[in-house]
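A closer look at the structure
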Amino acid sequence: MRLKTLPTLIVLGLASAALPAHALDDRLYIAPSLNYTFADSDRRSDDGWGGSLALGKPVSPDWNLELALTGSALDRDAGGRYKLWGLGVDGLYFFNRDAGFAPYAVVGLGALYTDIPGRDDTGLMANAGLGVIKQLSENVALRADARYRWDDNSTDAFNKSSFGDWLINVGFNIALGKKAQQPAPAPQPAPAAYQAPAPVVSPQPAPEPVAQAEPEPVAPVLKTKPAAELDKAQAGDVVVLLEGVNFEFDSAKLRPDALEILAEAAAVLDKRKDIDVDIVGHTCNIGTDQYNQSLSERRAKSVYDYLVSHDIAAARLTSKGMGETQPAFSNASREGRAKNRRVELHVK
C-alpha cells in the first residue's frame, strides 16, 4: 500500500484544531459532497473522482450520526473502469461546534460493493478520519474531511486480502426545516397594590391623620453573580451582565439562562433608582468588523428592550455596540474569545 502525502498533511493539520463550542442545532440535514480517492497501489488503478450523499442528525452536543452513500470510478492500469459503491453509518465527534471553525473526528462502518470487469464483490468497509465544518448561513455549512478507508476485499482480487484508500471529501451540510425557537419567557406577575387601613369610626372628632412613611422597597433575593454585583455598584463601576453563551448562536435572541439574569437585574434597577446604566455590547474577533459591530449593537439592544419592557424607565438607559474593538481578554485563546463576547452595564 502507498501513503499519500496530501491526505496525510490534511489529517495532521485538522488534528491540531480546537475552538469554542456553541449551541446545538438538532435539525436533520443532507450532505452532498465531491470526493477524490487516492487508491491503494495494490488496486492497480489510477486515483479518481467520485461523490457521496449523507443524511445526518445531531444526537448530542458532541455527536452527529450519518447514513452515507459513496461512489467512485477508477481507471485500471490494465484498461477499463474500477467502480466502488459504499453504504454505511458514520459517527462524527465534534471537539466543539463553533460556527467559524468546528473540527470533528469521524468513524464509520458499512459495506463496499466493488465492480471489476469480470467479477464483483461486496465486503466489509470501515473508515476513520478528521474534518472541519464552517457555517455559511443558518441553513448551509461548508464541510471537508480526510478519511482512511479499509476494504476487506472478500473476493481476494489481485491476490490481496484487503485494500486501504485515502479519501478527501468537500461538500455542504444543508439543514432541513426551520430552526427550533426558544419558548417565550413567562410573564412576570404584577406587584400587589398597597392598601391603606380603613379609618376607625368614632363618635369623637377624628384626630389629625398621621403622615404615613413610604414603605421601604423589599430587597430582592439574588441568585446570579451579575445581579449581585449590580446591587452593590456605584457610579463608574462596570458589571459584565451577559456573556456570548447567553444568546442564541450567531443572533441577538436571549436564551433562558440570560432571562434569569436579566429578571434579577431589572429587580435591582427597580430598587436602585439612584443609578442609570449604559448597556454596551462587545464581540470577539471571529468574523468581519462590520458584522461584529452590528451583532454587538443588536445584543445590547436586546438587553435594553428587556429592561424597558420590565418597567425600567428608558430615560435611565442607553445602548450601544463596540464590536471587537475593546477586548477584555486575549483573542488568541478559546477562553479569551468566550469572555470577550459580552454585554456590560456601565453604571452612572
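What you see is a predicted model, and the numbers here were worked out from it, not measured in a lab. (Residues numbered from 1 in each chain as written. Predicted model: local features only at pLDDT ≥ 70, side-chain atom pairs only at ≥ 80, totals over all residues. Heavy atoms only, no water.)

1. Points about the pattern of salt bridges
As a reminder, the rule being used: Salt bridge, as applied in this entry: a Lys or Arg side-chain nitrogen positioned within 4 Å of an Asp or Glu carboxyl oxygen.
Under the counting rule described, the total for this entry stands at 18 salt bridges. Here the salt bridges share partners, and the residues they tie into one network are Glu66, Asp90, Arg143, Asp145 and Arg147.

2. Observations concerning the side chain of Glu66
As a reminder, the rule being used: For helices the rule is a DSSP run of H or I covering at least 4 residues; for strands it is a run of E covering at least 2, with both sets numbered from the N terminus onward. Between buried and exposed lies partly exposed: a residue is buried under 20% and exposed over 50% of the maximum accessible area for its type, with that area taken using a 1.4 Å probe on protein chains only. Contacts described as polar in this section are N or O atom pairs within 3.5 Å, which, within protein, must combine one atom able to donate a hydrogen with one able to accept it, while residues neighboring in sequence count only if both atoms come from side chains. Residues are treated as being in contact if the distance between any of their heavy atoms lies within 4.5 Å.
By the secondary structure assignment, Glu66 is in strand S3 (residues 63-75). What makes Glu66 buried here is its relative accessible area of 2%. In this structure the side chain of Glu66 is engaged in a polar contact, spanning 2.8 Å, whose partner is the side chain of Arg143. Ignoring anything within four residues of it in the chain, the contact list for Glu66 reads Tyr29, Ala54, Leu55, Gly56, Gly88, Val89, Asp90, Leu92 and Arg143.

3. Some words on the nonpolar core
In plain terms, the rule: In these notes, a set of buried Ala, Val, Leu, Ile, Met, Phe, Trp, Tyr and Cys residues joined through side-chain atoms within 4.5 Å is what counts as a nonpolar core.
One finds Leu230, Leu241, Leu242, Ile279, Val303 and Leu307 to be the most contacted residues of the largest nonpolar core, which totals 29 residues. At the level of secondary structure, the elements contributing two or more residues to this core comprise helix H2 (225-232), strand S9 (238-243), helix H3 (256-271), strand S10 (277-282), helix H4 (289-309) and strand S12 (342-347). By residue number, the principal contributor to this core is H3, which donates 8 residues. Once you skip the residues sitting within four places of it in the chain, Ile279 turns out to touch Ala300, Val303, Tyr304, Leu307, Thr318, Ser319, Lys320, Val343, Glu344 and Leu345.

4. Points about the sheet that holds S3
Applied cut-off: By this definition, two strands are paired if DSSP reports at least two bridges between them. To get an axis, fit a line to the C-alpha atoms, keeping to the stretch in contact for a helix; angles then go from 0 to 180 degrees between the N-to-C directions.
Ordered in space as S1-S2-S3-S4-S5-S6-S7-S8, the 8 strands form a closed barrel in which the pairing is antiparallel. The mean angle between the axes of side-by-side strands here comes to 25 degrees, regardless of whether they run parallel or antiparallel. When strand S7 (residues 140-151) meets strand S8 (residues 163-175), the two strands line up antiparallel, connected through 12 bridges. Within the sheet, the bridge partner assigned to Ala146 lies in S8 and is Ile168.

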